[in-house]
Protein chains: 2
Amino acid sequence: MTDLFAVRWVGPAERGGPAVALLDQTALPDREEVRYCRDVDTLAEAIRSLRVRGAPALGVAAAWGVVLGALAGTSPRAVADLLASQRPTAVNLAWACHRVAAIGEDPEALAAEARRIEEDNAEACHAMGRHGADLLAATLGDRPQRLLTHCNTGMLACQGIGTAFGVARTVFADGRLAQLLVDETRPLLQGARLTAYEAGALGMPHAVVADSAAASLMAAGEVDAVLVGADRIAANGDTANKIGTLGLAVLAQHYRVPFLVVAPVSTIDLDTPGGGDIEIEERDPDEVRTALGLVRLAPEGSPARNPAFDVTPAALVGAIVTERGVVDAPYTGALSRLAGAQAVAAGN
Amino acid sequence: MTDLFAVRWVGPAERGGPAVALLDQTALPDREEVRYCRDVDTLAEAIRSLRVRGAPALGVAAAWGVVLGALAGTSPRAVADLLASQRPTAVNLAWACHRVAAIGEDPEALAAEARRIEEDNAEACHAMGRHGADLLAATLGDRPQRLLTHCNTGMLACQGIGTAFGVARTVFADGRLAQLLVDETRPLLQGARLTAYEAGALGMPHAVVADSAAASLMAAGEVDAVLVGADRIAANGDTANKIGTLGLAVLAQHYRVPFLVVAPVSTIDLDTPGGGDIEIEERDPDEVRTALGLVRLAPEGSPARNPAFDVTPAALVGAIVTERGVVDAPYTGALSRLAGAQAVAAGN
């Protein structure tokens, strides 16, 4: 588990390099398989098929993908365009590979920028964890906390301790975690497969629940806060995240449970005015008709719909926790200041 | 499909009888296997392991179970107690087998009562379907309806056209069904496996969705009404039903979508004052850790919780559709009149 990673760059001088190495998340938790992507097309397939996933980790993988392409003589901008198109909802993917591509053509300079994104990710996760845990302590007081989370936002998603999961992990490190309730997160079960795997490896008290059990847990007063990540935060605070997030936000409002979005500033997309402007990826209906492609659930040929994300309106978001601090409603001005400062710092 | 049934009595004079024959719902939709329960213990196991399920169908199966026991010389009251204890939340189960047991010891008289329960069920389903469809037409007008349902409440659950599903089927017969959205209903996937199977066989336009997709569908205005069944309705209208029902009710209120509970009068339990008095069955956590026991989802040994039902407070129930008509809030008096009249009619 100390070796757990989502993405690892294998340089040209290393054995098997150059390659973007991924811990294949479609094989977890049964098998820990490392996949070496030695060309951009293999990496694009891995992104599309969720061998690597989670908005921040997608950014790191794509950043290294640009370096990989440059070493093979492919234009950084062309690689960035190709990789960014694989998953339309996660903004970090496009942001990271275009940030690297903007550096030029020199592989060493590109690699330095990719490394910077990776290191920034890890630092940002630590900062988000601290800010989030402090906010929860201020809100909930000294009592042990029962936190509910959705999907996977830990090391596997972030190349760092995580976003929402990183907050729970920090609460755990602070000795205040009573239990992490882990939504299984159908259809692809990133909660049951990945978050439970990380929580178990770290010794965090946790329990997997069906996604639809959240309402009764909240009604019974068994949830002190809901923590989720984000794939894209619009300028007004509307937040796209894994399907099921919106339902949790509505429930949290109904039961007066704090609902926190935890995401790095790179997830804020000032070019997207509101949630209605976010493209929602519709994935293969077979993800719903089966369990991980291994068992057919619905009858052969049953129609199914599979929106992979939903949009939680800013009015249902209690706070957005970033590496630069916590933002409350109204979001528009505050997000613009945070993300604008970043754009200036990055020279975008 | 014309032969589709949940429960069928095979009399002593018939080949293979006496037996309670069940279409094994744990094998659907892959295999249509009929299981002949020739003794009460086999039937009890079938009830416990959900080979037969759905509150009304459980009642019919248990009613015939009392007859089966009497033919083997077992006291009807002892059989009723045994069968009623297999699933604590569904009130129809206890109601039906105790109603039969109250008749006495004569197998022919018991069988006549069981047959009456079965026939009443089918008639009640038709009446609920009509009442529900009329209510929807009055509420929604002439436009084609997009209805969302949870779990399975059709022929397989009811030994009739169904409760919530029966309403959708009546809307379809009336030419007004645009689409039935079928919640897959984790963990045991009765929606994906059984409701999609019934809807497909009947040619109803439908689509299976992950349970957590309901919020985004409602937010997009794609759900005109939510229809659910019930396992037990307390005297005040609080309703126990499959886990996930409460979340749909909260969402329906938030998005101002009509939320209807459809259940026969036998589901109303005047001895249960409110939802807090309903025992909620906690089932094996492996149902959550796996897909139907066939594929492990969460890591080996991951803690999991598996409440099988939740309780929707009466305040979130838009209307209760029974075979004797539609009841609106406040429920207390109206439910008492409906169920009280039934108790008198049945001589209880």
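Residues numbered from 1 in each chain as written. Chains lettered and ligands numbered in written order. Predicted model: local features only at pLDDT ≥ 70, side-chain atom pairs only at ≥ 80, totals over all residues. Heavy atoms only, no water.

Student: What is the right way to read the overall build of chain A from this model?
Tutor: On a plain count of helices and strands, chain A comes out with 12 helices and 16 strands. Relative to the 2.2 N^0.38 estimate, which gives 20 Å for 348 residues, the radius of gyration of chain A is 19 Å and therefore close to what a compact globule would have. For chain A, the residues scored as buried account for 62% of the 348 residues in total. Taking contacts inside chain A between residues at least 6 apart in sequence as the whole, the part at least 24 apart equals 72%. Looking at chain A as shown, the accessible area adds up to about 12,000 Å², and 49% of this sits on carbon and sulfur atoms. Across chain A, the 29 positively charged side chains and the 42 negatively charged ones have centroids separated by 2 Å. (Helix = DSSP H or I, 4+ residues; strand = E, 2+ residues; numbered from the N terminus. Rg over C-alpha atoms; globule rule 2.2 N^0.38 Å. Buried < 20%, exposed > 50% of the residue type's maximum accessible area, 1.4 Å probe, protein only. Contact = heavy atoms within 4.5 Å. Areas by Shrake-Rupley, 256 points an atom, 1.4 Å probe, with all protein chains shown as cover. Lys, Arg positive; Asp, Glu negative; His and termini not counted. Charge placed at Lys NZ, Arg CZ, Asp CG, Glu CD.)

Student: Help me understand the pattern of salt bridges, please; the structure alone is not making it clear to me.
Tutor: Where side chains of opposite charge bring their charged atoms close, a pairing between them can arise. Tallied over the entire structure, the rule returns 44 salt bridges over all chains. Across the pair A:D134 and A:R130 runs a salt bridge, and its minimum N-O distance is 2.9 Å. Taken together, the positions of A:D134 and A:R130, both in helix α5 (residues 107-140) and four residues apart, correspond to about one turn of that helix. Looking at A:R130, the relative accessible area reads 35%, which means it is partly exposed. Between B:R35 and B:D24 there is a salt bridge, with the nearest N and O atoms lying 3.8 Å from each other. You can see B:R35 sitting in strand β3 (residues 34-37) and its partner B:D24 sitting in the loop between β2 (19-23) and β3, a full 11 residues away along the chain. Given a relative accessible area of 30%, B:R35 falls into the partly exposed group. Accessibility expressed as a relative area gives 2% for B:D24, which makes it buried. Connected through salt bridges with shared partners, the residues A:D24, A:R35, A:E45 and A:R51 form a single ionic network. (Salt bridge = Lys/Arg side-chain N within 4 Å of Asp/Glu carboxyl O.)

Student: Could you clarify how one ought to interpret the nonpolar core in this entry?
Tutor: Looking at soluble globular proteins, one finds that nonpolar side chains tend to be buried together. Ranked by size, the top nonpolar core spans 74 residues in total, and within it A:V226, A:F259, B:M218, B:V226 and B:F259 carry the most contacts. By size, the runner-up hydrophobic cluster in this structure holds 72 residues, among which are A:L177, A:V262, B:A133 and B:F165. (Core = buried A, V, L, I, M, F, W, Y, C linked by side-chain atoms within 4.5 Å.)

Student: Please explain the pairing of strand β9 (residues 239-242) of chain B as it appears in this structure.
Tutor: The side chains of a regular strand alternate between both faces of the sheet. Residue and element names in this part refer to chain B. Of the strand pairs in this sheet, strand β8 (residues 232-234) and β9 are connected by two bridges, and their pairing is antiparallel. Note that in β9 the partner of R232 across the bridge is A240. Between β8 and β9, which pair antiparallel in sequence order, lie four residues; one of them, G237, sits at a positive phi of approximately 95 degrees. Both β9 and strand β14 (residues 309-312) contribute to a ladder of four bridges, which runs antiparallel. Within β14, the residue paired with T239 across the bridge is T312. (Pairing = 2+ DSSP bridges.)

Student: Just to check I follow, could you spell out the relation of the copies chain B and chain A for this structure?
Tutor: Two chain copies here: they are related by a rotation about an axis and a translation along the same axis. Superposition record for chain B on chain A: RMSD 0.0 Å, screw rotation 180 degrees, translation along axis 0.0 Å. Look at the turn and shift together and you get a two-fold axis relating the two. Taken together, the interface assignments show that 100% of the residues at the interface of chain B recur at the interface of chain A, consistent with an identical surface on both copies. (Least-squares fit on C-alpha atoms with pLDDT ≥ 70 in both.)

Student: Looking at this structure, how should I read the sheet that holds strand β11 (residues 268-269) of chain B?
Tutor: Whenever strands of a sheet pair, they do so through backbone hydrogen bonds, lying parallel or antiparallel. Residue and element names in this part refer to chain B. On the basis of which strands lie adjacent, the open sheet formed by four strands has the order β11-β8-β9-β14 and mixed pairing. Both edges of this open sheet fall to β11 and β14, since each of them pairs with a single strand only. Packing of helix α10 (residues 245-254) onto the sheet brings it into contact with β9 and β14, and relative to β14 it is tilted by some 35 degrees. (Axes fitted to C-alpha atoms, helices over the stretch in contact; angles between N-to-C directions.)

Student: Looking at this structure, I do not really get the packing of helix α3 (residues 76-84) of chain A against helix α4 (residues 91-101) of chain A. What am I missing?
Tutor: All names here are of chain A. Relative to each other, α3 and α4 sit at 175 degrees, their axes nearing to 9 Å. Compared by their axis directions, α3 and α4 come out roughly antiparallel. Of the residues in α4, those touching α3 at P76, R77, A80, D81, L83 and A84 are L93, A94, C97, H98 and A101. Considered class by class, the residues forming the contact of α3 with α4 number eight nonpolar, one polar and two charged. (Parallel < 35°, antiparallel > 145°, perpendicular 65-115°, else oblique. Nonpolar A, V, L, I, M, F, W, Y, C, P; charged D, E, K, R; others polar.)

Student: Would you mind showing me how to read the interface of chain B and chain A here?
Tutor: It is common to give the size of an interface as the accessible area that goes away when the parts come together. Tallying the contact residues gives 45 residues for chain B and 45 residues for chain A. Here chain B and chain A share an interface that buries about 3,700 Å² over both sides, 68% of which is from carbon and sulfur atoms. When the buried area of chain B at its contact with chain A is split by residue, B:S212, B:L297 and B:R305 rank highest and sum to 17% of it. Summed over the shared surface of chain B and chain A, the number is four salt bridges. Note that B:E184 and A:R186 form a salt bridge whose closest N and O atoms lie 2.6 Å from each other. Inspection of the chain B/chain A interface yields 10 residue pairs in polar contact (both at pLDDT 80 or more). Of all the elements in the fold, those that place two or more residues in the side of chain B that touches chain A are α8 (190-202), β6 (206-209), α9 (214-219) and α10 of chain B. (Buried area = accessible area lost by both parts, 1.4 Å probe. Polar contact = N/O pair within 3.5 Å; in protein donor to acceptor, adjacent residues only side chain to side chain.)

Student: Looking at this structure, how should I read the side chain of B:D24?
Tutor: At a separation of 2.6 Å, a polar atom in the side chain of B:D24 contacts the side chain of B:T26. With near-sequence residues (within four places) excluded, B:D24 lies in contact with B:E33, B:R35 and B:R51.

Student: Can you walk me through the confidence of the model for chain A in this structure?
Tutor: One rule of thumb: low pLDDT means the predicted coordinates there are not for detailed reading. Across chain A, pLDDT averages 94, with 97% of residues at or above 70. Of the two predicted TM-score estimates for the complex, the pTM is 0.94 and the ipTM is 0.93. (pLDDT = per-residue confidence, 0-100.)

Student: Explain α5(A) here, please?
Tutor: Think of an α-helix as 3.6 residues a turn; residues three or four steps apart then line up on the same face. Spanning 34 residues, α5(A) covers 49 Å between terminal C-alpha atoms, matching the ideal 50 Å at 1.5 Å per step. In the segment just after α5(A), A:G141 is the residue with positive phi, at about 80 degrees. (Expected span 1.5 Å × (residues − 1).)

Student: Sorry, what's going on with the sheet that holds strand β15 (residues 319-322) of chain B here?
Tutor: All names here are of chain B. Overall, mixed pairing links the seven strands, which are arranged β6-β5-β4-β7-β10-β15-β16 in an open sheet. Every other strand in the sheet has two partners, leaving β6 and β16 (325-327) as the edge strands with one partner each. Neighbouring strand axes in the sheet, compared pairwise and without regard to direction, differ in orientation by 25 degrees on average. Bridge analysis of strand β5 (residues 177-183) against β6 gives four bridges, and the strand direction is parallel. Paired with V182 across the bridge in β6 is V208. Packed on one face of the sheet, α8 meets β4 (145-149), β5 and β6 and runs near 160 degrees to β5.

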